[in-house]
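In case you want the letters, here they are:
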Amino acid sequence: MPAVAPLRDIGRPLDDPASLGRAVDELLTARTEPPVLLALGEPTHGIEAFPVLRNDILRHLVDRGFRSIVLETDTFAASVVDDYVCGAAAEIDTVLATGFSHGFGTVPGNRELVEWLRAHNAGRAPRDRVRFHGFDAPMEFSGAPSPRRALCSVHDYLPSALRPGSARDLDALLGEDADWTNEAAMFDPAASIGDSERARALRIVADDLASALRRAAPSLRRAHPTGYDHALAHARTAQGLLRYHAAMASPAPDRVATLFSLRTEMMAENLLAIVAREQRRGPILAFAHNAHLRGGRSLMPAGDEEANWGSAGALVELTLGERYLFVATDASPDSDPGTLQHALAEATTRRALFPAPALRAALAPAIGTGKPIARGHLPLTPADVDAADAVIFVTDTDGKQHRYW
């Protein structure tokens, strides 16, 4: 059996633009098919080192033909950022506050990203601009919005002759938005409207509207591609939100796990729609929590439950296959000996990329996992290495988390 190379020999340094470019190019050319979606994960939100790494990688990928970046933010709010980076007049503070959900506009690195995109795109033809997208569902951790905006957007977009009869009483079925946005419903199924007769009727309306939109695609999309794609996104969102509200009303023991998985399904659908829309312009860089982008199944704590669900990345990978490439990242300023984090830190000077197959072969069978360093940090495990194409480890960070929530 050949000797396993030491980790320091396996890692590819990312210490400067030149070494980063060589490592990323090696990763891309090693694929049997060029990736259309390179997914870069972070182990938690709010630590500056990971968005900075993302920005550095994006600048190199743009030189390699990538033409979009997709973040873990509300897919509709992201249009505010996209308009701005493509030249629209606006105040950047307003763009950061309204174009990012979850408070992510205040995360270090995101202002720099938006400013760089706007400067890069200035004077370029639309086909050469780097577009900005979000792939998250339009919801926050406290609950889900009313499906009114999504349903009415599709209804109003369709010509009157194509609107289904089930949507005739749409406004009455929706009722007051406050019925849907009650934050108590996140923790108390009885407070949710999601299993009411009105909500069940709206699920039929949403299905009928989506069907009408698809059937009319040849004429509607040809006349106005952007408007059609926007309506299609609203149709997907309406169906997803109504499924989510129904799950909120369920007292089942796996309720929270189901909510996680439904959000994940919406994320995956949005990612695939963006890939389809952007495929003629160039590949895409996606950036989100490792747990959303990894292959296989994801395990996240959900109260007293263990949510066991396929990540958005795993669902997308089923469609894209080798054209989906996932790079996980991690950091741990003070990791314990005998852990994956300590082994990677010992082999890294600043930032280093480790191809997953070589890394898996070099790890001790009984290697452990380090402790979380911040809120929401999920340290990489050996199983996470199995679900990745490469791992980037960062040592030049104190692990301090910016408070964005």
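Computed from a predicted structure; not experimentally measured.

**Q** How do you make sense of the overall build of the chain when you look at a structure like this?
**A** The secondary structure content of the chain amounts to 18 helices and 10 strands. Over its C-alpha atoms the chain spans a radius of gyration of 22 Å, differing by no more than 12% from the 22 Å that the globule rule assigns to 405 residues. Seen through its principal axes, the chain has C-alpha atoms that stretch 70 × 55 × 40 Å. Considering the chain as a whole, with its 405 residues, one finds that 52% of them fall into the buried category. Considering only contacts in the chain between residues 6 or more positions apart, those separated by 24 or more positions represent 78%. Approximately 17,900 Å² of the chain is accessible, and the part contributed by carbon and sulfur atoms is 53%. Within the chain, the 52 negative side-chain charges are centred at a point lying 6 Å from the centre of the 42 positive side-chain charges.

**Q** Explanation requested: the packing of aromatic side chains in the structure shown.
**A** This structure, assessed with the given rule, holds 4 aromatic pairs. Taken together, the ring pairs connect Phe-104, Tyr-404 and Trp-405 into an aromatic cluster. Stacked on the ring of Phe-287, the Lys or Arg Arg-54 has its end atom at 4.9 Å from the ring centre. In this arrangement the basic side chain of Arg-375 is found over the ring face of Trp-405, its NZ or CZ atom lying 4.2 Å from the centre.

**Q** Teacher, can you tell me more about the pattern of salt bridges here?
**A** Between side chains of opposite charge, pairing is possible as soon as their charged atoms come close. Enumeration over the complete set of coordinates arrives at 21 salt bridges. Of the charged contacts in the structure, one is a salt bridge between Arg-148 and Asp-171, with a shortest N-O distance of 2.8 Å. Placement of Arg-148 in helix H7 (residues 148–157) and of Asp-171 in helix H8 (residues 170–174) is noted, with a sequence separation of 23 residues between them. Ionic pairing is found between Asp-384 and Arg-294, a salt bridge with its closest N-O pair at 2.4 Å. Highlighted residues: Asp-384 in helix H18 (residues 382–386) and Arg-294 in the loop between helix H14 (290–293) and strand E6 (297–302), separated in sequence by 90 residues.

**Q** Would you mind going over the environment of Met-267 with me for this structure?
**A** By the element assignment, Met-267 lies in helix H13 (residues 255–278). You can call Met-267 buried: its relative accessible area is 0%. Taking the C-alpha atoms as reference, Met-267 lies 10.0 Å from Gly-240; in sequence the two are 27 residues apart. When sequence neighbours within four positions are dropped, the list of residues in contact with Met-267 reads Glu-72, Phe-135, Asp-136, His-292 and Ala-312.

**Q** How do you make sense of the sheet that holds strand E4 (residues 131–136) when you look at a structure like this?
**A** Strand pairing within a sheet occurs via backbone hydrogen bonds; the two strands may be parallel or antiparallel. Spatially, the 8 strands line up as an open sheet ordered E1-E9-E10-E8-E2-E5-E3-E4, and their pairing is mixed. With one partner strand each, in any of the chains shown, strand E1 (12–13) and E4 form the two edges of the open sheet. Bridge analysis of strand E3 (residues 68–74) against strand E5 (residues 284–289) gives 4 bridges, and the strand direction is parallel. Each bridged residue has a counterpart across the sheet, and for Ser-68 the counterpart in E5 is Ile-284.

**Q** Where do I start with H7 in this structure?
**A** Owing to its 3.6 residues per turn, the α-helix brings residues three or four apart onto one side. Within H7 the residues assigned to the buried category are Ala-150, Leu-151, Val-154 and His-155. Projected down its long axis, H7 shows its buried positions confined to an angular sector of 125°, all on one face. The elements touched by buried residues of H7 are H8, helix H10 (197–215) and helix H12 (225–248).

**Q** Can you help me understand the pairing of E4 in this one?
**A** In regular strands, side chains alternate between the two faces of the sheet. Of all 6 residues that make up E4, 5 are buried, and the element is covered over most of its length. Two strands pair when backbone bridges link them, and E3 and E4 are joined in this way by 5 bridges, in the parallel orientation. Note that in E4 the partner of Ile-69 across the bridge is Phe-132.

**Q** Can you help me understand the nonpolar core in this one?
**A** Proteins that are soluble and globular tend to have nonpolar side chains buried together. Core analysis: the biggest nonpolar cluster contains 45 residues, and Phe-132 and Ile-392 have the highest contact counts within it. Of all the elements, helix H3 (residues 49–63) adds the most residues to this core, at 7 residues. In contact with Phe-132, other than residues within four places in its own chain, are Ile-69, Leu-71, Thr-73, Ala-78, Val-81, Asp-82, Val-85, Phe-100, Leu-113 and Leu-117. Grouped together as the second largest cluster of nonpolar side chains are 35 residues, Ile-274, Val-275, Ile-284 and Leu-380 included.

**Q** Explain the packing of H7 against H12 to me, please; I cannot follow it from the model alone.
**A** Packed helix pairs are specified by the crossing angle of their axes together with the interaxial distance, meaning the distance between the axes. It is the contact of H7 with H12, at a shortest axis distance of 8 Å, that shows an interaxial angle of 140°. By the angle between their axes, H7 is oblique relative to H12. Considering only the axes of H7 and H12, their crossing is left-handed. Taken together, the residues of H12 that come into contact with H7 (itself represented by Arg-149, Ala-150, Leu-151, Ser-153, Val-154 and Tyr-157) are Gly-227, Tyr-228, Ala-231, His-234, Ala-235, Thr-237 and Ala-238. When its residues are assigned to classes, the contact of H7 with H12 shows 8 nonpolar, 4 polar and 1 charged.

Reading the values: rules and limits
Residues numbered from 1 in each chain as written. Predicted model: local features only at pLDDT ≥ 70, side-chain atom pairs only at ≥ 80, totals over all residues. Heavy atoms only, no water. Helix = DSSP H or I, 4+ residues; strand = E, 2+ residues; numbered from the N terminus. Rg over C-alpha atoms; globule rule 2.2 N^0.38 Å. Buried < 20%, exposed > 50% of the residue type's maximum accessible area, 1.4 Å probe, protein only. Contact = heavy atoms within 4.5 Å. Areas by Shrake-Rupley, 256 points an atom, 1.4 Å probe, with all protein chains shown as cover. Lys, Arg positive; Asp, Glu negative; His and termini not counted. Charge placed at Lys NZ, Arg CZ, Asp CG, Glu CD. Phe/Tyr/Trp six-rings, centres within 6.5 Å; stacked < 30°, edge-to-face > 60°. Lys NZ or Arg CZ within 6 Å of the ring centre and 35° of its normal. Salt bridge = Lys/Arg side-chain N within 4 Å of Asp/Glu carboxyl O. Pairing = 2+ DSSP bridges. Arc of directions from axis to C-beta. Core = buried A, V, L, I, M, F, W, Y, C linked by side-chain atoms within 4.5 Å. Axes fitted to C-alpha atoms, helices over the stretch in contact; angles between N-to-C directions. Parallel < 35°, antiparallel > 145°, perpendicular 65-115°, else oblique. Left-handed = near helix turned anticlockwise from the far one by under 90°. Nonpolar A, V, L, I, M, F, W, Y, C, P; charged D, E, K, R; others polar.

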